[in-house]
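Chain by chain, the residues:
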Amino acid sequence: MKTIQELRATFPRPGRVDWLGLRPARRVTPVRVSEVEAHPLVGLLGDHGKTAPARLTALSGELEAAPRPSNPAIPGGPGRRQVTLIQAEHLPVIAALAGLEAVTPELLRRNIVVSGVALLALKDARFRIGEVVLEGTGECHPCSRMEENLGEGGYNAVRGHGGLTARVIVGGVIREGDAVTPLSPESEPQG
C-alpha cells in the first residue's frame, strides 16, 4: 500500500500547455503568445512590463552597458506569484457557475492554461514545463476583476477553480504544447 506522500507524487501522465498569455501592463487584457521566457528573478519576461535584470559580465564584474531593470514593486515580482496557471478543464466549470456559454483564458487573467494534469496537486511541488522548472506556491484566488470580466457572481464562480501561483526555479522558454511534468524530490534541481 502506498503512503500519502507516494500517492501525492504519482500522476497518470504528463499534462500539456494549451495557452500562454502576457499582460503588457496593469489592468490590460492578456495577449496570447506562442512562447514566453521565464526568469528566476522576475517571472515571465514581458508580463506587466517585466524585463530581465542587468547582468554582471563574467570577467570584469561590471554591469552590462544597457541594463534591463526589473520592477520588484510589481505584484508577483521576485516572490511567490511570478507565474499564474489555471486548469483548462476548469474553464467550462467556471463558465457554468458564472452562467456564461464559455470563459476564455484572457478573462481569467492567468499566464498559463494547462490540461491533463491535476494542477492543484502541484501546490508545494516542483514541476517542469519545457525547459523551465517551476515551484507551485499556492492557490491563485480570484480578484475583484472577476466581477468585471464575468459579471455579477464572477468572483464566486472562480473560487476553488482559480488555479495555482508559482515561482521560477530554473529559467528558460515555455512554449504552447510543452509537457507539464511533476518532478520527484530526488530529480529536482536545487534552486
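Along every chain, residues carry numbers that run from 1 in the direction the sequence is written. Per-residue local features are limited, in this predicted model, to residues with pLDDT of at least 70; the limit for side-chain atom pairs, both in listing and counting, is 80 or more; totals at the level of whole chains, interfaces and linings are taken over all residues. Heavy atoms from the whole structure form the basis of all side-chain values; hydrogens and water molecules are not counted.

Draft legend 1. Structural view of the environment of asparagine 156. Labels follow the DSSP assignment, with helices taken as runs of H or I lasting at least four residues and strands as runs of E lasting at least two, numbered in each case from the N terminus. Along the chain, asparagine 156 turns up in helix H5 (residues 154-158). Overall, asparagine 156 belongs to the partly exposed group, its relative accessible area being 47%. Separated by 14 residues in sequence, asparagine 156 and proline 142 place their C-alpha atoms 8.1 Å apart. The cut-offs for exposure are 20% and 50% of the maximum accessible area for each residue type, with area from a 1.4 Å probe on protein chains only; residues under the lower value are buried, those over the upper are exposed, and the others partly exposed.

Draft legend 2. Quick peek at the nonpolar core. Definition of nonpolar core: a set of buried residues of the types Ala, Val, Leu, Ile, Met, Phe, Trp, Tyr and Cys, connected through side-chain atoms within 4.5 Å. Counting 22 residues, the largest nonpolar core has Leu85, Ile112, Phe127, Ile129 and Ile174 as its most contacted members. Counting only elements with at least two residues in this core, the list comes to strand S1 (15-22), strand S3 (35-39), strand S5 (83-87), strand S6 (112-115), strand S7 (126-129), strand S8 (132-139) and strand S9 (164-170). Leave out the neighbours within four places in its chain, and isoleucine 129 touches Val17, Leu85, Ile112, Leu134, Val173, Ile174, Asp178, Ala179 and Val180. Within the second largest apolar cluster, 14 residues are counted, among which are Ala95, Val103, Val113 and Val158. Throughout, a contact is declared for two residues whenever any of their heavy atoms are within 4.5 Å.

Draft legend 3. Structural view of the side chain of threonine 137. Along the chain, threonine 137 turns up in strand S8. Threonine 137 sits in the buried class, given a relative accessible area of 5%. Two N or O atoms form a polar contact when they lie within 3.5 Å of each other; inside protein one atom must be a possible hydrogen donor and the other a possible acceptor, and for residues adjacent in sequence the pair counts only when both atoms belong to side chains. Side-chain polar atoms of threonine 137 contact the side chain of threonine 165, separated by 2.8 Å. Once you skip the residues sitting within four places of it in the chain, threonine 137 turns out to touch Arg80, Asp124, Thr165, Ala166 and Arg167.

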